[in-house]
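# Survey of secondary and tertiary structure
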Amino acid sequence: TEVLKSQKNAASKMIAQAKKEGRDATSKRLVDFYGFAIRRQERFLARVNGTALVSEDPILDKWKFTNAYRILDRVSQYMVKNIIDDRANRFEFPRAHRMGMFLFRLFNSIETWESLPEYKYDAYNALPAIESFVEARRACGVTVYNNAYMMTPPWTFGCTTRTELFLRTLKHMEDSGDLERAYNSSDMRYTYAIFRRHEGFGDFLAYQFALDFSYNHLMFDYEKFIVPGIGCQRGMRRVWPHLKLIELPSVRKRLTINGIPSFPVLTVDGKEFPLRGNDMQNLFCEYDKYCRVRDDGKSIKNNFSRILSPLEQPYIPSAWRF
């Protein structure tokens, strides 16, 4: 109770302080964050609409940042459309469906998923074949994993490769019933706890898997439980330098509920989808990267290519359309 009270008081204090527009540094920093989020979304919508990208921000012109909405990144869009909303597997072969969701996010690569032979749709009986196939490609110098997520070294758990570790974990989760429980769960905290107790899953990775499994459900409270990664923590402290770790979730939640003024909310088929808690977390992470370039004079990992084809219309999970 004391922790919750402390978080609530901190959130109220921080938001109240930030609302003194133009009168203190906190407000200016928050407005700067708002501006970054709006410009990032405007650039995404420009590509969707096939209009020219206006070069108003040299940092966004040069460097690559993820979209304001987590679900709009290229890999997540592919996963939702081709795996999560694969109705044949989803309703007729639920075990194959949930194991496919796990496998896809493990590699986090469209190219790797498409290269896997058809036995990927019967993953439970094909785990040794999948491991052999993947490691043979790695031995030939093929990039198998998208290294967007930092993972625990496999030898920590007595394995020689990441593939060996996570396919072993996948089998343990399926045999114990935990993967089915995560698949059927509509509570983020519970889903996260399931992944977190298995080998290879740290806080951040467990939360990312829980998010992917949430796209399978209609009723999901994205504000109830958030695991702020290191990037999010750094980004929030760009606005509130003295914010304590225990205060992060409640401040982020209040910002999500209040919304970002003038933010062009995603609209699909006439339905609006406001930013959710995980989206706000992602934005703070990207804001930290942005500030590292602008304020700290540092570089980040990926350059942005100006020669880009228009994006397809955003795809929303079928479970969200009701």
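Model, not experiment: these values are computed from the prediction.

Next up on the list: the packing of helix 13 (residues 230-239) against helix 14 (residues 248-258). Two elements in contact, helix 13 and helix 14, have axes separated by 11 Å at closest approach and are oriented at 70 degrees. By the criterion of interaxial angle, the relationship of helix 13 to helix 14 is roughly perpendicular. On the side of helix 13, the interface is formed by Q233, M236 and R237, while helix 14 contributes L248, V251 and R252. Its residues assigned to classes, the contact of helix 13 with helix 14 comprises three nonpolar, one polar and two charged.

The phi dihedral of S262 is positive, around 70 degrees, even though this residue is not glycine. A positive phi angle, near 55 degrees, is found at D269, a position not held by glycine. For D269, a relative accessible area of 80% puts it in the exposed group.

Inspection of the secondary structure puts K271 in strand 2 (residues 271-273). Considering only alpha carbons, one finds K271 and W320, 49 residues apart in sequence, at a separation of 10.0 Å.

The buried fraction of helix 4 (residues 74-84) is high, at eight of eleven residues. If you check which residues of helix 4 are buried, you get V75, S76, Q77, Y78, M79, V80, I83 and I84. If you follow the buried residues of helix 4, they end up packed against helix 5 (87-92), helix 6 (94-107), helix 7 (110-115) and helix 12 (203-214). Its side-chain oxygen placed 3.0 Å from the backbone nitrogen of V75, D73 serves as the N-cap of helix 4.

Turning our attention to the nonpolar core. Ranked by internal contacts, the top residues of the largest apolar core, which has 93 residues, are F33, F102, F195, F201, W240, I260 and F284. When residues in this core are grouped by element, the largest group, eight residues, is from helix 2 (residues 25-49). Among residues more than four places away in sequence, those in contact with F284 are F33, G231, C232, G235, M236, V239, W240 and L255.

How each quantity is defined
Residues numbered from 1 in each chain as written. Predicted model: local features only at pLDDT ≥ 70, side-chain atom pairs only at ≥ 80, totals over all residues. Heavy atoms only, no water. Axes fitted to C-alpha atoms, helices over the stretch in contact; angles between N-to-C directions. Helix = DSSP H or I, 4+ residues; strand = E, 2+ residues; numbered from the N terminus. Parallel < 35°, antiparallel > 145°, perpendicular 65-115°, else oblique. Contact = heavy atoms within 4.5 Å. Nonpolar A, V, L, I, M, F, W, Y, C, P; charged D, E, K, R; others polar. Buried < 20%, exposed > 50% of the residue type's maximum accessible area, 1.4 Å probe, protein only. Polar contact = N/O pair within 3.5 Å; in protein donor to acceptor, adjacent residues only side chain to side chain. Core = buried A, V, L, I, M, F, W, Y, C linked by side-chain atoms within 4.5 Å.

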